[in-house]
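Listed here are the chains, written in short residue letters.
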Amino acid sequence: MKCKVSKICGGCNLLHLDYEKQIQEKKNNVEALLKRNRLKLQIENVYKANRIKGYRNKIIVGFAKYKGKVVSGLYAPHSHAVVATKNCLMHPRNVDAIIGRITELVDSMKIELYNEKTGTGLLRHVLIRYASQTNQVMIVFVTAKRAFPSRRNLVNALVSEFKEIKTILQSVNPRNTSVVLENEAFVLYGDGTITDKLCGLDFTMGANTFYQVHHDQCELLYKVAKEKLQLQGQETVLDTYCGIGTIGLSLADSCKMVTGVEINADSIGFAKENAKQNRIKNARFVSMDSTRFMEEAKKHHTHFDVIVLDPPRAGTTPTFIENACALRPKKILYISCDPRSLVRDLHLFFRQGYKAKSMDLVDMFPNTTNVESVVLLTRR
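Keep in mind it's a predicted model, so treat the numbers as computed, not measured. (Residues numbered from 1 in each chain as written. Predicted model: local features only at pLDDT ≥ 70, side-chain atom pairs only at ≥ 80, totals over all residues. Heavy atoms only, no water.)

Draft legend 1. Focus on empty space enclosed by the protein. Evaluation of the coordinates by the stated rule reveals three cavities of 30 Å³ or more. Here the largest cavity defines a volume of roughly 100 Å³. The residue makeup of the lining of the largest cavity, split by class, is eight nonpolar, four polar and no charged. As a volume, the second largest cavity reaches approximately 40 Å³. Together, Arg-51, Gly-54, Tyr-55, Arg-56, Asn-57, Pro-92, Tyr-130, Ser-132 and His-215 line the second largest cavity. In terms of residue class, the lining of the second largest cavity is built from three nonpolar, four polar and two charged. (1 Å grid on protein atoms, 1.4 Å probe; cavity = no way out; pocket = protein on both sides within 12 Å on 5 of 7 lines; lining within 4 Å. Points joined across faces, edges and corners; volume = space filled by probe spheres on them. Nonpolar A, V, L, I, M, F, W, Y, C, P; charged D, E, K, R; others polar.)

Draft legend 2. Layout of the pairing of strand 9 (residues 194-198). Counted residue by residue, strand 9 has four buried out of five residues, so it is predominantly covered. Pairing of strand 9 with strand 10 (residues 201-205), which is carried by five bridges, proceeds in the antiparallel orientation. Each residue of the ladder has a partner; that of Leu-198, found in strand 10, is Leu-201. Connecting strand 9 to the antiparallel partner strand 10 that follows it, the hairpin turn spans two residues, and Cys-199 within it adopts a positive phi of roughly 55 degrees. (Buried < 20%, exposed > 50% of the residue type's maximum accessible area, 1.4 Å probe, protein only. Helix = DSSP H or I, 4+ residues; strand = E, 2+ residues; numbered from the N terminus. Pairing = 2+ DSSP bridges.)

Draft legend 3. Focus on the environment of Cys-88. Considering the arrangement of structural elements, one finds Cys-88 in the loop between strand 4 (82-84) and helix 3 (93-108). On the basis of relative accessible area, Cys-88 is assigned to the buried category, the value being 13%. Between the C-alpha atom of Cys-88 and that of Gly-73, which follows or precedes it by 15 residues, the distance is 8.8 Å.

Draft legend 4. A look at the layout of surface pockets. If you add up the space inside the second largest pocket, you get close to 660 Å³. Around the second largest pocket, the lining is made up of 27 residues, and of these Ser-72, Ala-84, Thr-85, Lys-86 and Asn-87 lie nearest the centre. Put simply, the parts of the chain that give the lining of the second largest pocket at least two residues each are strand 2 (58-66), strand 3 (69-75) and helix 3. With eight residues, the single largest contributor to the lining of the second largest pocket is helix 3. Considered class by class, the residues forming the lining of the second largest pocket number 12 nonpolar, seven polar and eight charged.

It is worth stressing that arrangement in space is one thing and function is another; only the former is reported here.
Here is the structure:
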């Protein structure tokens with residue numbers, strides 16, 4: 001695959017390699033990481049993607065002016081410089097068409113672009129979520145202030161041209177920060193949500209909720225997780241960092257009870273709704289910090305047979321690990337999007353009396369150096 005801007009964009013840093021070589025490089029990198037950290041884990045399986053382009057279901061674009069004309073694209077690595085991009089190979093085609101039209105409308109309606117140096121202007125970013133199985137699109141305009149001239153005309157133009165747009169929101173972020181969505185978004189069109197199908201279940205999500213970027217590989221990841229856990233139907237499962245409930249609800253048909261814990265109250269609201277709309281009755285969700293929840297569970301002698309964690313890229317904390325192990329679950333399943341933070345955390349789990357023999361890799365991010373990893377820990 002060839003891309004005119006791949007060298008300056010940095011979004012697809014393995015695009016120059018054919019896919020088999022990408023997979024081998026990722027495996028080699030993780031094996032070298034394990035060796036450097038003296039971890040004797042075998043990489044048992046590497047699960048490749050069938051779809052290696054057009055897979056991203058969450059896209060954030062910035063805007064800039066080039067020769068007096070508005071352009072849009074991703075940010076160059078380690079900067080806020082926008083690389084003008086059309087028809088990105090990683091974007092679904094209909095999403096790219098929407099991005100192109102938004103760029104044209106922003107230009108023709110003379111909507112001011114935000115200037116980080118002066119702190120003036122309006123439009124900072126546009127975030128798009130795409131539910132590939134239902135063909136629903138969410139658009140979020142991130143602005144520096146609430147007043148948004150031409151907002152109504154912009155929304156009307158988009159929804160009349162693209163029938164797949166289910167909702168449009170505006171998120172106001174006045175601070176000089178790299179965080180895209182800092183405040184709660186308010187609805188300009190639709191109900192503020194989209195729904196996708198995953199692992200045979202319906203999942204409704206909002207603007208600021210987590211959902212894996214590659215739908216097909218996410219299904220594969222959860223299948224691998226289920227196979228590793230080998231649930232027998234009587235287990236109690238604690239799903240920490242549970243988000244909108246995707247992992248926990250996908251396990252609910254194989255265990256006695258799932259408890260999902262997540263600090264983001266909006267995500268917990270969606271998790272409860274997702275359990276309800278899928279008629280899953282053996283799942284409950286709690287809006288609370290996962291570490292604190294486990295501390296309380298220990299005080300009340302609450303037992304869980306299985307703990308699942310899929311933390312952010314930075315991994316989890318020593319306190320989380322200490323409290324998770326103090327509950328003495330038979331199994332702990334760790335899903336990670338950064339092998340480096342995983343390796344760091346595994347050492348702490350091992351010191352707390354848990355062991356692991358192998359690791360599986362799932363290529364959630366084709367054409368990039370990133371890879372998802374799955375490790376099953378059991379009590380020694």
